[in-house]
Amino acid sequence: MEFNVTLLGQAITFAILVWFTMKFVWPPLTNMMEERAKRIADGLAAAERGKQDLEAAEKRVADEVRKAKQQAMEIIASAEKRATQIVDEAKENASTEGARIVADAKGQIDQEVMRAKEALREHVAQLAVVGAEKILRKEIDAAKHADLLSSIKAEF
Amino acid sequence: MASNAIEYINHHLTFWNSDPSPARGFWSLHVDTFSVSLFLAFVFAGVFAMVARRASLENPGKLQLFVESIIELVDTQVKEIFHAKSKVIAPLALTIFCWIFLMNAMDMLPVDLLPNIAQWIGHTFFGLEAHHVYFRSVPSADVNATFAMSLSVFLCIIGFSIKAKGLGGWGKELLTAPFHTHNPIGAIILAPLNFIFQLVELAAKPISLSLRLFGNLYAGELIFILIALLPWGAQWILGAPWAIFHILIITLQAFVFMMLTIVYLSLAVEAH
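Residues numbered from 1 in each chain as written. Chains lettered and ligands numbered in written order. Predicted model: local features only at pLDDT ≥ 70, side-chain atom pairs only at ≥ 80, totals over all residues.

- If you look chain B up in an unreviewed UniProt entry, it shows as ATP synthase subunit a from Aquitalea magnusonii.
- As its UniProt record puts it under Sequence similarities (unreviewed entry), chain B is described as follows: "Belongs to the ATPase A chain family."
- Looking at the Function (unreviewed entry) heading of the UniProt record, one finds this comment for chain B: "Key component of the proton channel; it plays a direct role in the translocation of protons across the membrane." (UniProt positions renumbered as here; feature names shortened; annotations may be inferred.)

- Going by what an unreviewed UniProt entry lists, chain A is known as ATP synthase subunit b and is assigned to Aquitalea magnusonii.
- Recorded under Sequence similarities (unreviewed entry), the UniProt text for chain A is reproduced unchanged: "Belongs to the ATPase B chain family."

This is the structure in structure tokens:
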């Protein structure tokens, strides 16, 4: 144990070393480390934000897809409904048209029948008149018995 | 052999003094302590300043990461213990830790390495008799080095106290703590007692700091010297375990000195 001027020398060295550390070592390194920590924190926060954004976007996309699907289904359903409606209408139209055609045809047929009956009646009347003429040539005057003949004709 | 061993040990425990005469006084220098610690100071300052200058934010190298982990260690301790704001304490703690660690680590060099080199240089280039060249390679086994640091810390303690509490506040604390009374007569009676307690407490800090470090390293060095006296084939049996154990002591003593400095300084700024 011998104290001498080495103590002063060491103390001066120590003081200068502390000053040097305070000036050139500690501040730049700690500043840089803090900056790095901040940057890492920022990066993590940004990543988190990005993840949330992505989740929101995915949700929105799913929503849109679901909506579109629903719309498509609605469109298909309404189209089917419309199609059955059209078919029904067509069927109805066809049946009414058919009925009309049938009715027309019936009417025409009735007319034809009436006409044929008329013609036949005429014809039969004439034939009857001819036959009666032939039978009653002498006794019956066509002009005299016209009323009778026409009443016979109506009975046919 | 016995006289040889004593001579060997004494030779190893003698400093390289700038004044070789036995009647030297205070104004003589331990050249070995001073130069080795100065060299280590340059090593520390050089490495750390270089890392600080080249520090890369994005792509730190291995050395930078190593330096950063030391700074992180010191910074954590300072932030946990010292709650006031100070620009000095963290760099002070870092310097103490690294410098003491490096000085202690000189103990890991073989005990004869630096002394023999010094003897060879002294003998070859300066024509000295080899036996009269002395060299001790561990600066922290010199009380001058340890007291230089602990007394600097002591001055910091006083400075921090005065800065935090004012000269009056600190003086008042010296007289009124640890024994406190509201009775004015009692206060006057207790004042000298308090003052003595406070002085002892204050003085104990630098003395315990420096003697703890000095004692550990001096003992470590002495044991290495004793191991060096064994036959060369048997030295490793004791030398290896002691060296491995000494790694712990080297680091621990540097850490303890740093921690106690932080604790003392935080006590200095906090009110009793």
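Anyway, onward from the coordinates.
1. Notes on the interface of chain A and chain B
Then, in step 1: Every contact between the two is made by 27 residues of chain A and, on the other side, 37 residues of chain B.
Then, in step 2: Across the side of chain A that touches chain B, the residue classes break down as 18 nonpolar, seven polar and two charged. (Contact = placed C-beta atoms within 7 Å. Nonpolar A, V, L, I, M, F, W, Y, C, P; charged D, E, K, R; others polar.)

2. Topic: the UniProt feature "transmembrane region" (unreviewed entry) in chain A
Then, in step 1: Under the UniProt annotation, "transmembrane region" (unreviewed entry) lies at residues 6-26 of chain A.
Then, in step 2: Its end C-alpha atoms 27 Å apart, residues 6-26 of chain A is made of 100% helix and 0% strand. (Helix = DSSP H or I, 4+ residues; strand = E, 2+ residues; numbered from the N terminus.)

3. Examining helix α8 (residues 235-269) of chain B
All names here are of chain B.
Then, in step 1: For α8, with 35 residues, the first-to-last C-alpha span of 50 Å sits near the 51 Å given by 1.5 Å per residue.
Then, in step 2: Every buried residue belonging to α8 is among His246, Ile250, Gln253, Ala254, Phe257, Met258, Thr261, Ile262, Tyr264, Leu265 and Ala268, and all of these are buried.
Then, in step 3: Those residues of α8 hidden inside the fold are in contact with α3 (62-81), α4 (89-105), α6 (143-176) and α7 (184-228). (Expected span 1.5 Å × (residues − 1). Buried ≥ 20, exposed ≤ 12 C-beta atoms within 10 Å, placed from the backbone.)

4. Quick notes on the UniProt feature "transmembrane region" (unreviewed entry) in chain B
Residue and element names in this part refer to chain B.
Then, in step 1: The sites that UniProt annotates as "transmembrane region" (unreviewed entry) are residues 34-52, 88-105, 147-164, 216-238 and 244-267.
Then, in step 2: Secondary structure across residues 147-164 divides into 100% helix and 0% strand, with the first and last C-alpha atoms of the span separated by 25 Å.
Then, in step 3: For residues 216-238, the helix share is 74%, the strand share is 0%, and the end-to-end C-alpha distance is 18 Å.

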